[in-house]
Amino acid sequence: VRGNTHASMVQSQPDAGEVRKQREAQRRRLMRANQTKKRGGTPEPVAGRKHMDIQTDSYLEELTERTVEFEAETQTDFLLDRPPSPLFMPAKIGVDIE
């Protein structure tokens, strides 16, 4: 055991026979619960309608049709001509005296 064990609680290992009994009891409880929750399926469709199978899987299917692909290249000038930047002039504060 590594680290601080000051607050850890020491638990003894249960007997192998008791563990087996608990697992068997849990399995029986699950089987009983599953038997009572069985559904009868979907009802018959209303007159004039029919049931259809749809894909509800959580993955996407790969498309086999490929569209025509091509590459095109363009190039623009790195530096475009622009007017020179004006000198920085701070905004005036207050009133000028003449």
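Residues numbered from 1 in each chain as written. Predicted model: local features only at pLDDT ≥ 70, side-chain atom pairs only at ≥ 80, totals over all residues. Heavy atoms only, no water.

(A) The arrangement of the overall build of the protein chain in detail. When its secondary structure is counted, the protein chain shows one helix and zero strands. Here the C-alpha radius of gyration of the protein chain, 39 Å, is well above what a compact globule of 98 residues would show, namely 13 Å. C-alpha extents for the protein chain along the principal axes are approximately 100 × 70 × 40 Å. For the protein chain, the proportion of its 98 residues judged to be buried stands at 0%. Element-wise, carbon and sulfur atoms account for 53% of the exposed surface of the protein chain, whose accessible area totals about 12300 Å². Taken together, the 16 basic and 16 acidic charged side chains of the protein chain have centroids lying 25 Å from each other. (Helix = DSSP H or I, 4+ residues; strand = E, 2+ residues; numbered from the N terminus. Rg over C-alpha atoms; globule rule 2.2 N^0.38 Å. Buried < 20%, exposed > 50% of the residue type's maximum accessible area, 1.4 Å probe, protein only. Areas by Shrake-Rupley, 256 points an atom, 1.4 Å probe, with all protein chains shown as cover. Lys, Arg positive; Asp, Glu negative; His and termini not counted. Charge placed at Lys NZ, Arg CZ, Asp CG, Glu CD.)

(B) Region of the structure containing the pattern of salt bridges. By the definition in use, this model includes three salt bridges. Here Arg66 and Glu69 are joined by a salt bridge, their closest N and O atoms 3.6 Å apart. Looking at Arg66, the relative accessible area reads 69%, which means it is exposed. Taking the relative accessible area as the measure of exposure, Glu69 reaches 61% and is therefore exposed. The salt bridge involving Lys92 is made with Asp96; its shortest N-O contact spans 3.2 Å. When its relative accessible area of 70% is taken as the criterion, Lys92 is described as exposed. (Salt bridge = Lys/Arg side-chain N within 4 Å of Asp/Glu carboxyl O.)

(C) Inspection of the environment of Met52 at higher detail. Here Met52 lies in the segment after helix H1 (16-36). Among the residues examined, Met52 registers a relative accessible area of 65% and is labelled exposed. Considering only alpha carbons, one finds Met52 and Pro83, 31 residues apart in sequence, at a separation of 68 Å.

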